[in-house]
Amino acid sequence: SKAEVLEFPDNKLDTSDWQTYRNEEFGFEVKHPRDWGVARDQGVGKVFILPRNRKDANDDAGTYIYIENKTLENLEAELNLRNWYIKKYVSINNAYGVLFTIKKENGEWEKYDGAPVIAKDNLTYNFVNGGGTYTYIFQQILLSFKFTR
């Protein structure tokens, strides 16, 4: 299936003053708002890009990237068991991925955009919009993803 360039036409957020976060271990970079920070677990594939003004420890707003040692095929097989299917193939800069969406009993797709997963070699990069807030920021972080090697 042919990949289409991932776009969010309604998203007019100005990202000109955003900072770049580079991850050498997993070979990628993303941009994020200046007043957001990046937290990560060393040696574990978790990169959390979080607003610094979180309300409390339970405030899960932010962009979460989970990097797993599995192929897209493995992930797809797991997700199909839970009624998540690939809705479309997408390209983002020099990366390729898919949007997974829930298929309802009647065969219709859930309204929501889909869970973006970028795949390369035997790694999947799963993007999660924590708390469903800051959607425009989440989309722009996703659109800034690039492999650095």
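Parameters at a glance
- Residues numbered from 1 in each chain as written.
- Predicted model: local features only at pLDDT ≥ 70, side-chain atom pairs only at ≥ 80, totals over all residues.
- Heavy atoms only, no water.
- Phe/Tyr/Trp six-rings, centres within 6.5 Å; stacked < 30°, edge-to-face > 60°.
- Helix = DSSP H or I, 4+ residues; strand = E, 2+ residues; numbered from the N terminus.
- Buried < 20%, exposed > 50% of the residue type's maximum accessible area, 1.4 Å probe, protein only.
- 1 Å grid on protein atoms, 1.4 Å probe; cavity = no way out; pocket = protein on both sides within 12 Å on 5 of 7 lines; lining within 4 Å.
- Points joined across faces, edges and corners; volume = space filled by probe spheres on them.
- Core = buried A, V, L, I, M, F, W, Y, C linked by side-chain atoms within 4.5 Å.
- Contact = heavy atoms within 4.5 Å.
- Polar contact = N/O pair within 3.5 Å; in protein donor to acceptor, adjacent residues only side chain to side chain.

Participant: Teacher, can you tell me more about the packing of aromatic side chains here?
Facilitator: Aromatic rings considered in pairs are described by the distance between their centres and by the relative angle of their planes. Applying the stated criterion across every chain yields a total of 11 aromatic pairs. Measuring from ring centre to ring centre gives 5.8 Å for Phe 127 and Phe 145, while their planes differ by 75 degrees; the resulting arrangement is edge-to-face. Residue Phe 127 is found in strand β10 (residues 123-130), and its partner Phe 145 is found in the loop between α2 (135-143) and β11 (146-147); the two are separated by 18 residues along the sequence. Taken as a pair, Phe 127 and Phe 145 share a single burial class, namely buried.

Participant: Explain the layout of surface pockets to me, please; I cannot follow it from the model alone.
Facilitator: A water-sized probe, rolled over the atoms, reveals where empty space remains. A volume near 170 Å³ is recorded for the second largest pocket. Forming the walls of the second largest pocket are Glu 68, Lys 70, Leu 75, Glu 78, Leu 79, Arg 82, Trp 84, Phe 100, Ala 115, Val 117 and Asn 126.

Participant: Help me out: how do you make sense of the nonpolar core in this one?
Facilitator: For soluble globular proteins, the rule of thumb is that nonpolar side chains tend to be buried together. Core analysis: the biggest nonpolar cluster contains 25 residues, and Phe 28, Ile 65, Ile 118, Tyr 125, Phe 127, Ile 141 and Phe 145 have the highest contact counts within it. When residues of this core are traced back to their parent elements, those giving at least two are β3 (28-32), β5 (46-51), β6 (62-68), β7 (84-92), β8 (95-102), β10 and α2. Looking at which element gives the most residues to this core, the answer is α2, with four residues. In this view, Phe 28 contacts Tyr 21, Arg 22, Asn 23, Val 47, Ile 65, Ile 67, Tyr 125, Phe 145, Lys 146, Phe 147 and Thr 148; residues no more than four positions away in its chain are not counted. Counting residues in hydrophobic clusters, the runner-up holds eight residues, among them Leu 75, Leu 79, Val 98 and Phe 100.

Participant: Would you explain the side chain of Asn 11 in this entry?
Facilitator: Take Asn 11: it is sitting in the loop between β1 (4-5) and β2 (19-23). According to the relative accessible area criterion, Asn 11 is buried, its value standing at 9%. Separated by 3.1 Å, the side chains of Asn 11 and Gln 140 make a polar contact. Dropping the residues within four chain positions of it, Asn 11 is found in contact with Tyr 136, Gln 139 and Gln 140.

Participant: Would you mind going over unusual backbone geometry with me for this structure?
Facilitator: In terms of backbone geometry, most residues other than glycine have negative phi values and most peptide bonds are trans. In this model, Asn 83 sits at a positive phi of 70 degrees, which is unusual for a non-glycine residue. Checked against the element boundaries, Asn 83 lands in the loop between α1 (72-80) and β7. Of note, the phi angle at Asn 93 is positive, near 50 degrees, even though the residue is not glycine. Note on placement: Asn 93 falls in the loop between β7 and β8.

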